[in-house]
Amino acid sequence: TETGFQSETLDLDPPAIAPQRDLMSKFDGLIAERKALIDTGVTDPFAIVMEQVKSPTEAVIAGRDTILLGTYNYMGMTFDPDVVAAGKTALDRFGSGTNGSRMLNGTFQDHVDVEQALRDFYDMSGAIVFSTGYMANLGMISTLATKGEYVILDADSHASIYDGCAQGNAEIVRFRHNSVEDLDKRLGRLPKEPAKLVVLEGVYSMLGDIAPLREMVAVARKHDAMVLVDEAHSMGFFGPNGRGVYEDQGLDVDFIVGTFSKSVGTVGGFCVSNHPKFEAIRLACRPYIFTASLPPSVVATAATSIRKLAVAHEKRARLWENARALHGGLKAMGFTLGTETPESAIVAVILEDQQQAVGIWQALLDGGLYVNVARPPATPAGTFLLRCSICAEHTAEQIATVLTMFRAAGRAVGVIG
Ligand code: PMP
């Protein structure tokens, strides 16, 4: 043939690929580690199935009624009758999916409506919805800061922030978690000319600690850097209007990233901004352009939920009450927690090793309570955590039950006296 291709030299019944060239071989360590854990007789913590979900705080797991204390359903919106009705109406009127990118045929009336709901919620001029919060960070960070520019991020940033840095080609600089001083020092060492983006989170989801945003933003401004804050774990219950930690601390920032997968109670991501050129992001942002848009039912539930969150003052108050009760109760029992005082709706119980973490986790699950297990590399400083995330809809009785179960499990495993 013209290309010199000789089909008779081609083995049409080839031998198996050699192990050293099997791309899947790199997972052997992970497979062995998981097998060793399961062989100890515990339930696989990363393969839980919700067989039935009864409410924002209760599900059936392995045939047992279980209190949910490990979901990000902070404001308990998933079963709100108005939210569910909005989804059903959109499903009936617009069908199950969009079959396309926001840029082409994938913008339906409900996508426009949810962006308006976000502009109203944040009182900002611009809002762009992405298919997930992960993609909002991926897209915003990689599109905002490009070659020759800088992204400065907290060392404990969420994976989607790190991946946004990896996707783009700006220079990346990390500073020590929540250290205003280190941020100042690192910004001070950079050349003055290039544009810079400082990326922060309102609440850090592993330990449930909040950022000293007021000082951080002041330092960023001192060095002429723009600021993006991921408020994924604060939307709905921080600040007078539930906008996030930045609102609670009375700040203006350039870009807020958020998600529909936590307080809003569905799936999706967004960025809001007052920047007059913000709309240009839609023309350049690959994770916005090269993927299908959210189904109309999803954005319709999000819009309804966001409008209700704006005025959910009573729920906010209940969430904080629950957070204080859980944090105070666990602390009094002698557990080591991620924060000294209740800073957010996440209460992290810090344990010595995987055996302790999985031991308590299993005892809680067997008793009918689900919490998250978190382990390195997702956690800071090699810690093993049981992460409790609180819902406004948890009742005082549920919190009391949770505390009783933690006391029994903690004693059984020897973590508390
Ligand atoms: N940012 C932070 C801080 C998060 O914790 C998460 C998800 N846990 C995301 C972004 C991604 O959100 P989503 O689930 O919408 O992809």
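Within an unreviewed UniProt entry, the label attached to the chain reads Aminotransferase class I/II-fold pyridoxal phosphate-dependent enzyme, and the organism entered is Sphingomonas longa. Per UniProt, the chain has the following entry under Sequence similarities (unreviewed entry): "Belongs to the class-II pyridoxal-phosphate-dependent aminotransferase family." Comment text from UniProt for the chain, heading Cofactor (unreviewed entry), reads "pyridoxal 5'-phosphate".

### With respect to the pairing of strand β7 (residues 196-201)
With six of six residues buried, β7 is to be regarded as a mostly interior element. What you see with β7 is no split at all: Lys196, Val198 and Leu200 on one side and Leu197, Val199 and Glu201 on the other are buried throughout. As paired strands, strand β5 (residues 150-154) and β7 are joined by four bridges and run parallel to one another. Looking at the pairing, Tyr150 lines up with Lys196 of β7. Pairing of β7 with strand β10 (residues 226-230) involves five bridges; the strand directions are parallel. What sits directly across from Glu201, in β10, is Asp230.

### Observations concerning the confidence of the model for the chain
Summary statistics for the chain give a mean pLDDT of 96 and a share of 99% for residues scoring 70 or more. For this predicted complex, the interface confidence comes out at an ipTM of 0.99, alongside a pTM of 0.96.

### Overview of the site of the ligand
Thr132, Gly133, Tyr134, Ala232 and Thr259 are the nearest of the 14 residues found near the ligand. When its residues are assigned to classes, the shell around the ligand shows two nonpolar, 10 polar and two charged.

### Description of the sheet that holds β5
Spatial ordering of the open sheet is given by β4-β12-β11-β10-β7-β5-β6, a layout of seven strands whose pairing is mixed. The outermost strands of the open sheet, each flanked by one partner alone, are β4 (126-130) and β6 (171-175). Sheet twist, expressed as the mean angle between neighbouring strand axes with direction ignored, is 20 degrees. Bridge analysis of strand β11 (residues 255-259) against strand β12 (residues 269-273) gives five bridges, and the strand direction is antiparallel. Across the sheet, the residue bridging to Thr259 is Gly269, located in β12. Relative to β4, helix α3 (residues 109-122) is tilted by about 130 degrees, and along the sheet it contacts β4, β11 and β12. Against the sheet, helix α6 (residues 180-189) touches β5 and β6, its axis set at about 150 degrees to β6.

### Details of helix α5 (residues 159-167)
Where α5 is concerned, the buried positions are Ser160, Ile161, Gly164 and Cys165. Here the buried residues of α5 occupy an arc of 145 degrees about the axis, which is enough to place them on one side. What points out from α5, more than 90 degrees from its buried face, is the exposed set Ala159 and Ala166.

### Considerations on the sheet that holds strand β14 (residues 369-370)
Strand order in the open sheet made by the four strands is β1-β2-β3-β14, with mixed pairing throughout. A strand with exactly one partner marks an edge of an open sheet, and here the two such strands are β1 (50-55) and β14.

So, how was this worked out
Numbering of residues starts from 1 in every chain and runs along the sequence as written. Totals for whole chains, interfaces and linings use every residue, but because this is a predicted model, local features are given only for residues with pLDDT of at least 70 and side-chain atom pairs only at 80 or more, for both listing and counting. UniProt positions are given in the numbering used here, feature names are shortened, and annotations may be inferred rather than shown by experiment. Working definition of burial: number of other C-beta atoms within 10 Å of the residue's own, with buried at 20 or more, exposed at 12 or fewer, and partly exposed in between, all C-beta atoms being placed from the backbone. Strands here mean DSSP runs of E at least two residues long; helices mean DSSP runs of H or I at least four residues long; both are numbered from the N terminus. Strands are labelled as partners when DSSP assigns at least two bridges between them. Per residue, pLDDT measures the predictor's confidence, with a range of 0 to 100. Only the C-beta atom matters for nearness: placed from the backbone, it must lie within 6 Å of the molecule or strand for the residue to count as near. Three classes are used: nonpolar for Ala, Val, Leu, Ile, Met, Phe, Trp, Tyr, Cys and Pro, charged for Asp, Glu, Lys and Arg, and polar for all others, with Gly counted as polar. Every axis corresponds to a line fitted to the C-alpha atoms, with the helix fit spanning only the stretch in contact, and the corresponding angles, defined between N-to-C directions, vary from 0 to 180 degrees. Residues are treated as contacting if the C-beta atoms built from their backbones sit within 7 Å of each other. Our arc is simply the arc of the directions from the helix axis toward the C-beta atoms.

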